[in-house]
Amino acid sequence: MAEKRKMVLVVGLGRFGLSLCEKLAAMGQYVVGVDADPAKVEAVADIIALAAQLDATDEDALIKVGAKEADIAVVTIGENIEASILATTIIKGFNIPLVVARAQTALHARVLSRVGAHRVIFPERDMGQKVAEQFVHPWLSSFSQLPGGDYLVGEVMPLREMLGKSLAELDFRKKYNAMVLLFDRKGSRFLPSADTVINKDDLLLIAGKKNDLDKLLLAIEEEREREGNGA
């Protein structure tokens, strides 16, 4: 059964808002984007379902574009903190199930939480931290973080010591502190059982904590380097 298409209201169409609109539209969501700058509205008009030039602190204008019907609202206004807070306050009054607001500072974040934002984000800070982590842990770029914790999920190639052995023989979960979710065998994906044997060309979709995966991925990387050097 296909997931219900969500209506997402994006308030502020700067670089972050534009990127958000593009991704949401590509994922098949019904996106309404608003901004006071006509050039920014024009830039996104052909990408999303509805783009409107309006003042996000104007409650009536937001209602006219259907803001009350949104499943999710994201206030991406950055530099104008007053407008960000006012828009978030108005939108929270619409009883939208999820209101997300972008903050510039810790104080800004506290105020946004106080006026009712369900979630406050720091895109620049979060991206900086993510890029820094990828410098130290290059493998992170191919993994995704699961919501609500420090667990990651991604695909890996098996170590030589895994080949020809079943998940039960390896006691995979205990040995590597990770869980195998799926096997990809020559492009065909399937759920493994304890008796599933790992082959050389398999790809394993695994989940685990970053520190544990770091050890496993380092071992895989070192083994690939040795093989590349003919060791």
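Residues numbered from 1 in each chain as written. Predicted model: local features only at pLDDT ≥ 70, side-chain atom pairs only at ≥ 80, totals over all residues. Heavy atoms only, no water.

Per an unreviewed UniProt entry, the recorded name for the protein chain is TrkA-N domain protein, and the organism is Aminobacterium colombiense.

Caption draft 1: Representation of the sheet that holds strand E3 (residues 50–53). Spatially, 6 strands are ordered E3-E2-E1-E4-E5-E6 in an open sheet, and the strand pairing comes out parallel. The strands lining the two open edges of the sheet, one partner per strand, are E3 and strand E6 (119–121). Across the sheet, the mean angle separating the axes of adjacent strands is 15° when strand polarity is ignored. Inspection of the sheet shows strand E2 (residues 30–35) paired to E3 by 4 bridges, in the parallel sense. (Pairing = 2+ DSSP bridges. Helix = DSSP H or I, 4+ residues; strand = E, 2+ residues; numbered from the N terminus. Axes fitted to C-alpha atoms, helices over the stretch in contact; angles between N-to-C directions.)

Caption draft 2: Looking closely at the pairing of strand E1 (residues 7–11). Of all 5 residues making up E1, 5 are buried, and the element is well covered by its neighbours. Here E1 shows two buried faces, one formed by Met7, Leu9 and Val11 and the other by Val8 and Val10. Pairing of E1 with E2 involves 5 bridges; the strand directions are parallel. Bridge assignment links Val11 to a residue of E2, and that residue is Val34. The β-α-β motif built from E1, the intervening helix H1 (residues 15–26) and the parallel element E2 has right-handed crossover chirality. With 4 bridges joining them, E1 and strand E4 (residues 72–75) adopt parallel strand pairing. The partner of Val11 across the bridge, within E4, is Val75. (Buried < 20%, exposed > 50% of the residue type's maximum accessible area, 1.4 Å probe, protein only. Right-handed = clockwise from strand over helix to strand, strands pointing away.)

Caption draft 3: Summary view of a negative patch on the surface. Side chains of Asp55, Asp58, Glu59 and Asp60 sit close together on the surface and give a patch of like negative charge. With respect to the helices, strands and loops of the structure, Glu59 is situated in helix H3 (residues 59–64). Among the residues examined, Glu59 registers a relative accessible area of 42% and is labelled partly exposed. (Patch = residues over 30% accessible without salt bridge, like charges linked within 9 Å, V, L, I, M, F, W, Y side chains within 5 Å. Areas by Shrake-Rupley, 256 points an atom, 1.4 Å probe, with all protein chains shown as cover. Salt bridge = Lys/Arg side-chain N within 4 Å of Asp/Glu carboxyl O. Lys, Arg positive; Asp, Glu negative; His and termini not counted. Charge placed at Lys NZ, Arg CZ, Asp CG, Glu CD.)

Caption draft 4: Seen up close, helix H5 (residues 106–114). Three or more residues of H5 are buried, namely His108, Ala109 and Leu112. Along the axis of H5, the buried positions cluster into a sector of 100°, meaning they face one direction only. Along H5, exposed side chains directed more than 90 degrees from the buried face belong to Leu107, Arg110 and Arg114. Contacts made by the buried residues of H5 are with helix H4 (81–92), strand E5 (98–102) and E6. (Arc of directions from axis to C-beta. Contact = heavy atoms within 4.5 Å.)

Caption draft 5: The arrangement of the pattern of salt bridges in detail. Scanning all chains against the criterion turns up 3 salt bridges. Between Asp184 and Arg189 there is a salt bridge, with the nearest N and O atoms lying 3.5 Å from each other. Classification of Arg189 by relative accessible area gives partly exposed; the value is 48%. With a shortest N-O distance of 2.8 Å, Asp202 and Arg185 are connected by a salt bridge. Of this pair, Asp202 sits in the loop between strand E10 (188–190) and strand E11 (203–209) while Arg185 is found in strand E9 (residues 178–185), placing the two residues 17 residues apart along the sequence. The class of Asp202 is buried, set by a relative accessible area of 2%.

Caption draft 6: Layout of the packing of aromatic side chains. Applying the stated rule across the entire model yields 2 aromatic pairs. Where Phe172 meets Tyr176, the ring centres are 4.8 Å apart and the plane angle is 50°; that geometry is what we call tilted. Of the two residues, Phe172 and Tyr176 are both situated in helix H8 (residues 172–176); the distance of 4 residues between them amounts to about one turn of the helix. Side by side, Phe172 and Tyr176 carry an identical accessibility label, which is buried. (Phe/Tyr/Trp six-rings, centres within 6.5 Å; stacked < 30°, edge-to-face > 60°.)

Caption draft 7: Expanded view of the nonpolar core. Formed by 30 residues in total, the largest nonpolar core has its most connected members in Leu9, Val11, Val34, Leu62 and Ile91. Elements that contribute at least two residues to this core include exactly E1, E2, H3, E4, H4, E5 and H5. Residue contributions to this core peak at 5 residues, all from H4. In this view, Ile91 contacts Leu9, Val11, Leu62, Ala73, Val75, Ile96 and Val99; residues no more than four positions away in its chain are not counted. Membership of the second largest hydrophobic core comes to 18 residues, among which are Val156, Leu159, Met162 and Leu213. (Core = buried A, V, L, I, M, F, W, Y, C linked by side-chain atoms within 4.5 Å.)

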